[in-house]
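Chains, contacts and geometry: an overview
Below are the chains, spelled out letter by letter.
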Amino acid sequence: MLRFTATIAFLLFQLSARALAAPEIHTGAEQPDAYLPLLKSQQVGLVVNQTSQVGDKHLIDYLRERQVEIKRIFALEHGVRGNVENGGTVADGIDGPSGLAIVSLYGGHYAPAEESLADLDWLLFDIQDVGVRFYTYISSLHYLMQACANHDIPLLVLDRPNPNGDYVDGPVLDPQFRSFVGMHPIPLVHGMTVGELAQMINGEGWLENGAKCQLTVIPVSGYHKQMAYSLQVRPSPNLPNDLSIRLYPSLGLFEGTTVSVGRGTPFPFQALGHPADRQGQFSFTPVPVSGASENPKHKGIELSGDDLRDTDSRTRFSLTPLLDWMQRTGETPEQFFSRAKFFDKLAGTDTLRKAVMAGKSEEEIRGMWQPALAAFRERRKHYLLYPEE
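For every chain, the first residue of the written sequence is number 1, and numbering continues from 1 onward in sequence order. Note on the predicted model: pLDDT of at least 70 is required for a residue's local features to be given, and 80 or more for side-chain atom pairs to be given and counted; whole-chain, interface and lining totals, by contrast, use all residues. Processing note: side-chain calculations cover all non-hydrogen atoms of the structure and skip hydrogens and water entirely.

**Considering the sheet that holds strand β14 (residues 303-307)**
For two strands to count as paired, DSSP must find a minimum of two bridges between them. Each helix is a run of DSSP H or I of at least 4 residues and each strand a run of E of at least 2, with the numbering of both proceeding from the N terminus. One open sheet accounts for three strands, arranged β12-β14-β13; its pairing is antiparallel. Strands at the two margins of the open sheet, each flanked by one partner only, are β12 (271-274) and β13 (282-284). Sheet twist, expressed as the mean angle between neighbouring strand axes with direction ignored, is 40 degrees. Of the strand pairs in this sheet, β12 and β14 are connected by four bridges, and their pairing is antiparallel. The residue of β14 that forms the bridge with Leu-272 is Asp-306. Contact between two residues is taken to exist if any of their heavy atoms lie within 4.5 Å; hydrogens are not considered. Fitting a line to C-alpha atoms yields each axis, with helices limited to the stretch in contact; the angle taken between N-to-C directions then spans 0 to 180 degrees. Most of the contacts of helix α8 (residues 320-328) go to β14, to which it runs at about 155 degrees, and overall it touches β12 and β14.

Put into structure tokens, the structure is as follows:
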């Protein structure tokens, strides 16, 4: 018994030692000594949402308590408090808790107007991204950098870890398919933080006329790319947990098909279903969910499919679900890709859709994008702020 107790004590000591040895991560926002001196006696515009937290405080409140003069807040997709559904209207208005004016930068007005920047000394960006090209916060970042470059306003990026930052995969965007859901020639899963990508946008001359933004990035301390990073606040209404974020690269492509990804349920981006499926052992019925999915695909229809909630939490981008469901719906390829143009925008190319329609294997399809992936990995080395391991 004594030996057993000693063994348990030794194991507990080892676990404690490992915990103490593990680096502690501090986001850019959690390092005020690095950025508050820059904002002293300055007029600041904020680009923030519900993920812009410093501990248990929103960055808006945190900065106001420290006498930072905030002139206005710029709202991206899903709004300042994260209660606007995907693609929903984000309107100008007032942020209730702070009383500050909100200027919408979503819904066709992606760049701030000159008059909303004229009295600013700094524009500050603090938004949690998920590391997938078609997640639109990085497109908004591009427009903000362009506006800052055009109007000589410095941009301060408070960086955050990328929960899909441990790998790079998927097709690299073809400029012919450039849109708000894909603006840069980067892979579907790019493996970069917002701060790293901002440096790449500047360094690669991706802004109009090769303009450069006056950019300052406050990096995350104690972070490397292989770290599993759990988000404390959902980055958008339909990404409610870590697993949905890891499945998002693979399941996001289904938005251009007839297959539901679980919008209108308590488990969006954690299930797949279709009215005609006969193979699945799981069923669900999408219904309107206020602030998340007002009009979900196949609303009110019972769907058969797959419950993905037991998937490995470190899952990576895969084409297997797409190739599998292409057969399971019983539809023609043209019917299956019900929003073909949108699918191509998400993929960043039409070669993926055409290869799937032609019956190519995942191995064959993956082989098509390897040269471009290798070239991207080399280009991005110049902009990385964090070790790969």
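**Details of the confidence of the model for the chain**
Residue-level confidence of the predictor, termed pLDDT, takes values from 0 up to 100. Averaged over all residues, the pLDDT of the chain is 92; the fraction at 70 or higher stands at 91%. The model gives residues 1-21 a pLDDT under 50, and that stretch makes zero contacts with residues more than four places away or in other chains.

**Considering the sheet that holds strand β1 (residues 43-48)**
Sheet architecture is open: seven strands sit in the order β5-β6-β4-β1-β7-β8-β11, paired in mixed fashion. At either margin of the open sheet sits one strand with a lone partner, and together these are β5 (93-95) and β11 (215-218). Each strand axis lies, on average, 30 degrees off the axis of its neighbour in the sheet, ignoring direction. Note: β5 against strand β6 (residues 100-104), three bridges, orientation antiparallel. Considered in β6, the bridge of Ile-94 is made with Ala-101. Across the sheet, helix α5 (residues 137-151) touches β1, β7 (122-126) and β8 (155-158), and the angle it forms with β7 is around 170 degrees. Here helix α6 (residues 194-203) sits on the sheet and contacts β7, β8 and β11; the angle it forms with β11, its principal contact strand, is near 160 degrees.

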